[in-house]
Amino acid sequence: MADTDIAPIMTTRRDEAMGFFQKLVSKGLGWARKYSLFTYPYATACCGMEYMSVAASRHDISRFGAEFPRFSPRQADLLMVVGTINLKQAPILKRVYEQMTEPKWVVSFGVCASSGGFYDNYAVLQGIDRIIPVDVYIPGCPPRPEQVLDGLMLLQDKIGNQVHRLRDPGQPNETAAHHDRMLAAGK
């Protein structure tokens, strides 16, 4: 009989110690990420006015860490789709989503972005969740600023409770591998 069969298993094993450390780091990263959201406002219709009022001094979205809109998808991690999306705009929206940095989140702002609204015709996309994943839906036509702040707080809770992992050094870097392939192809 080996010594490991006789001795009780302690909670100081390496995998459990790493689990505690990763849990602590994950909690810290979640706290930091949920209060430093860089939004990309994809505003197309009348809900854009309500988005502007949320950023104004009366409601002040900057209290929640989402004050700086980024107008480049490569600098943003929160896509706020504000308003009606036509079928001609759908590939553009998908490209913007694909160009965003990881981790990325999406908020569907208003009933037109969420379900097409009262535009039930051939030209309007009946909900952006048909082309990109959505994390939070904000209802209303247009939604009140208080609803937008409530949706932002729901997203912050979701971000804070996610498991945030450190990159494993054994895993290849996806971006560097793609860049190397592009260089090899001569593009």
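So, here's what we can say about the structure. The residue numbers shown here count from 1 along each chain, following its written sequence. Residue-level local features of this predicted model are given only where pLDDT is at least 70; pairs of side-chain atoms are given and counted only at 80 or more, and the full residue set underlies all totals for whole chains, interfaces and linings. To get the side-chain values, take all heavy atoms of the structure and skip hydrogens and water.

## Focus: the pattern of salt bridges
So, point 1. Just to be clear on terms, a salt bridge is a Lys or Arg side-chain nitrogen sitting within 4 Å of an Asp or Glu carboxyl oxygen. Enumeration according to the criterion identifies three salt bridges in this entry.
So, point 2. In this structure, the salt-bridge partner of D135 is K158, at a minimum N-O distance of 2.9 Å. One end of the pair, D135, is in the loop between α5 (111-115) and β4 (136-138); the other, K158, is in helix α6 (residues 145-161), and 23 residues separate them in sequence.
So, point 3. Burial classification: accessible surface area is computed with a 1.4 Å probe over protein chains only, and a residue below 20% of its type maximum counts as buried, one above 50% as exposed, and the rest as partly exposed. For D135, a relative accessible area of 25% translates into the label partly exposed.
So, point 4. A relative accessible area of 33% places K158 in the partly exposed class.
So, point 5. Note that E146 and R144 form a salt bridge whose closest N and O atoms lie 3.5 Å from each other.
So, point 6. Using a relative accessible area of 47% as the deciding quantity, one classes R144 as partly exposed. Working definition: helices are DSSP H or I runs of at least four residues, strands are E runs of at least two. Numbering for both runs from the N terminus.

## Focus: the packing of aromatic side chains
Any pair of aromatic rings gets described here by the distance separating the centres and the angle formed by the planes.
So, point 1. Each aromatic pair joins two rings of Phe, Tyr and Trp (for Trp, the six-membered one) with centres within 6.5 Å, and gets the label stacked for planes under 30 degrees apart, edge-to-face for over 60, and tilted for any other angle. Taken as a whole and judged by the stated rule, the model has three aromatic pairs.
So, point 2. A centroid spacing of 6.1 Å and a plane angle of 70° characterise the contact between W31 and Y35, whose relative ring orientation is edge-to-face.
So, point 3. Judged by its relative accessible area of 57%, W31 is exposed.
So, point 4. For the ring pair F118 and Y119, a centre distance of 4.4 Å and an interplane angle of 40° mean the geometry is tilted.
So, point 5. The ring of Y97 has K104 sitting right over it, with the charged end atom 4.2 Å from the ring centre. Lysine NZ or arginine CZ positioned within 6 Å of the ring centre and within 35 degrees of the ring normal marks a charge as sitting over the ring.

## Regarding the nonpolar core
So, point 1. Take the buried residues of types Ala, Val, Leu, Ile, Met, Phe, Trp, Tyr and Cys, join any two whose side-chain atoms come within 4.5 Å, and each joined set is a nonpolar core. L37, L78, M80, V107, F109, L152 and L155 are the most contacted members of the largest nonpolar core, which totals 20 residues.
So, point 2. Where this core is concerned, the elements lending two or more residues are α3 (47-55), β2 (78-82), β3 (105-109), β4 and α6.
So, point 3. Beyond its immediate chain neighbours, meaning those up to four positions away, F109 contacts C47, E50, Y51, M80, V81, V82, G83, I138, P143 and V148.
So, point 4. The next biggest cluster of nonpolar side chains, apart from the first, holds 17 residues, and it includes Y40, I85, A90 and V106. Residue contacts follow a heavy-atom distance rule, with two residues in contact if any of their heavy atoms lie within 4.5 Å.

Take it as geometry only, folks, not as evidence of what the structure does.
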